[in-house]
Amino acid sequence: GSNDNVYYGSGSGSGDNRKDNTGIGMNTLKSLASGSRNVAVGHDSLTSNTDGTYNTGVGNETLYNNTLGSYNSAHGYGSLFSNTSGSNNTAVGGRALIFNQTGDGNATLGYRSLYANIAGSNNTSIGTQSCQSIQRAGHVCIGSGSARNY
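Source: prediction; values computed, not measured.

Further remarks concern the sheet that holds strand 2 (residues 22-24). Here nine strands make up an open sheet; going across it, the order is 1-2-3-4-5-6-7-8-9 and the pairing parallel. On the outer flanks of this sheet lie strand 1 (6-8) and strand 9 (140-142), each paired with one strand and no other. Averaged over all neighbouring strand pairs, the angle between strand axes comes to 5°, with direction disregarded. In the sheet, strand 2 pairs with strand 3 (residues 39-41) via three bridges, with the strands oriented parallel. In the strand pairing of strand 3, Gly-23 is matched with Ala-40.

Structure, rendered in structure tokens:
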């Protein structure tokens, strides 16, 4: 049967044998093994994703290192770049949650927001560089630079 995949760009979807994936841009979704229902738009978006499902990356290098994480949404250059297995994260803004690897349930809006978070979960930040240095769970930061040097 049909896999219903759509790919456009050199190297895009080259490892894919799953269904319902969309990759637009060079090297998008190029490592897929069992991941399905992912959308990647932008050079190197979701490049390393192997088994993650229901992820959306819009912007160059979004969710670049994601392998197992699912239900993530990254919008803006390099957002959720380092994520490997973290799930249920939303990052909007260039370099938002860029170092997150295993943290789950984070929501951030703003350039470099939750920037240093690696494993902290259930954080919420709104504003440029908000919660920038937070690396633990359960924080709320609102306003540009809020809780920047925590």
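Pairs can form between side chains of opposite charge once their charged atoms are near each other. Applying the stated criterion across every chain yields a total of one salt bridge. Between Asp-20 and Arg-37 there is a salt bridge whose closest N-O contact spans 3.3 Å. Residue Asp-20 is located in the loop between strand 1 and strand 2, and its partner Arg-37 is located in the loop between strand 2 and strand 3; the two are separated by 17 residues in the primary sequence. Judged by relative accessible area, which is 31%, Arg-37 ranks as partly exposed.

Rules of the game
- Residues numbered from 1 in each chain as written.
- Predicted model: local features only at pLDDT ≥ 70, side-chain atom pairs only at ≥ 80, totals over all residues.
- Heavy atoms only, no water.
- Pairing = 2+ DSSP bridges.
- Helix = DSSP H or I, 4+ residues; strand = E, 2+ residues; numbered from the N terminus.
- Axes fitted to C-alpha atoms, helices over the stretch in contact; angles between N-to-C directions.
- Salt bridge = Lys/Arg side-chain N within 4 Å of Asp/Glu carboxyl O.
- Buried < 20%, exposed > 50% of the residue type's maximum accessible area, 1.4 Å probe, protein only.

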